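As a plain string of letters, each chain reads:
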Amino acid sequence: GDQASAADVAALRAVYGLDQPVLVQFGLWLKEILKGNLGQSIFLQRPVTQALLERAEPTFFLALFSVAVAAGIGSG
């Protein structure tokens, strides 16, 4: 925030790897993606993969229901 000192900002940039060159950041990101690590959600305070898996089942059934409704409307 506005009250953060320069040292606080520098420490946070180091934690997230933002002090590295962009190509190094991209390489590290790609390496983690290939391992299945999508990172940590700053809003939910948990791994993104966990949040996605929790929402996969309802999303699947909503999509299935939508296709069924669309197929029913199209043939009627």
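One numbering rule holds for all chains: residues counted from 1, following each sequence as written. Per-residue local features are limited, in this predicted model, to residues with pLDDT of at least 70; the limit for side-chain atom pairs, both in listing and counting, is 80 or more; totals at the level of whole chains, interfaces and linings are taken over all residues. Values reported for side chains reflect all heavy atoms of the structure, with hydrogen atoms and water molecules removed beforehand.

A. Here's a closer look at the overall build of the protein. Here a helix means four or more residues in a row that DSSP labels H or I, a strand means two or more in a row labelled E, and each is numbered from the N terminus. Of the regular secondary structure elements, the protein holds three helices and zero strands. Helices and strands in the protein line up, N terminus first, as α-α-α. Scaling as 2.2 N^0.38, a compact globule of 76 residues should have a C-alpha radius of gyration of about 11 Å, whereas the protein reaches 20 Å, well beyond that. The principal-axis extent of the C-alpha atoms belonging to the protein is close to 65 × 30 × 20 Å. Note that accessible areas follow from Shrake-Rupley with a 1.4 Å probe, and for residues the cover is restricted to the protein chains shown. As presented, the protein carries roughly 6500 Å² of accessible surface, and 69% of it is formed by carbon and sulfur atoms. We count Lys and Arg on the positive side and Asp and Glu on the negative side, and we leave His and both chain ends out. Positions of charges follow a simple convention, taking NZ of Lys, CZ of Arg, CG of Asp or CD of Glu. Side chains of the protein give 5 positive and 6 negative charges; the mean places of these two sets differ by 6 Å. Put simply, the radius of gyration uses C-alpha atoms, and a globule should come to 2.2 Å times the residue count raised to 0.38.

B. Structural view of a nonpolar patch on the surface. There is a patch of nonpolar side chains on the surface, built from Leu12, Val15, Tyr16, Leu18, Ile42, Phe43 and Leu44 and spanning about 810 Å² of accessible area. Accessible area is worked out with a 1.4 Å probe on protein chains only. A residue is then buried under 20% of its type maximum, exposed over 50%, and partly exposed in between. According to the relative accessible area criterion, Tyr16 is exposed, its value standing at 56%. Surface patches are drawn from residues lacking salt bridges whose relative accessible area is over 30%; two like charges belong together within 9 Å, two nonpolar side chains (Val, Leu, Ile, Met, Phe, Trp, Tyr) within 5 Å. Note on definitions: salt bridges are taken to be side-chain nitrogens of Lys or Arg within 4 Å of carboxyl oxygens of Asp or Glu.

C. Here's a closer look at the pattern of salt bridges. Summed over the entire model, instances satisfying the criterion amount to three salt bridges. The salt bridge partner of Glu32 is Lys35, with a shortest N-O separation of 3.2 Å. Overall, the relative accessible area of 24% leaves Glu32 in the partly exposed class. Taking the relative accessible area as the measure of exposure, Lys35 reaches 59% and is therefore exposed. A salt bridge links Glu54 to Arg46; its shortest N-O distance comes to 3.0 Å. By relative accessible area, Arg46 is classed as partly exposed at 23%. Because the salt bridges share partners, they merge into one network encompassing Arg46, Glu54 and Arg55.

D. Seen up close, the side chain of Ser41. Mapped onto the elements, Ser41 comes out in the loop between α2 (22-34) and α3 (48-75). A distance of 3.3 Å separates a polar side-chain atom of Ser41 from the backbone nitrogen of Phe43. Those residues in contact with Ser41 that lie beyond four places of it in its chain are Arg46 and Val48. Whenever a nitrogen or oxygen atom comes within 3.5 Å of another N or O atom, the pair is scored as a polar contact, on the condition that within protein one atom can donate a hydrogen and the other can accept it, and that pairs from neighbouring residues in sequence are kept only if both atoms are in side chains. Note on contacts: a residue pair is in contact if any heavy atoms of the two residues lie within 4.5 Å.

E. The arrangement of unusual backbone geometry in detail. Phi angles above zero are rare outside glycine, and Gln45 is one such case at about 55°. Here Gln45 lies in the loop between α2 and α3.

F. Examining the confidence of the model for the protein more closely. Per-residue confidence from the predictor is reported as pLDDT, which spans 0 to 100. Across the protein, the average pLDDT comes to 91, with 96% of residues at 70 or higher. Mean pLDDT across the secondary structure elements of the protein bottoms out at α3, with 90, and peaks at α2, with 95.

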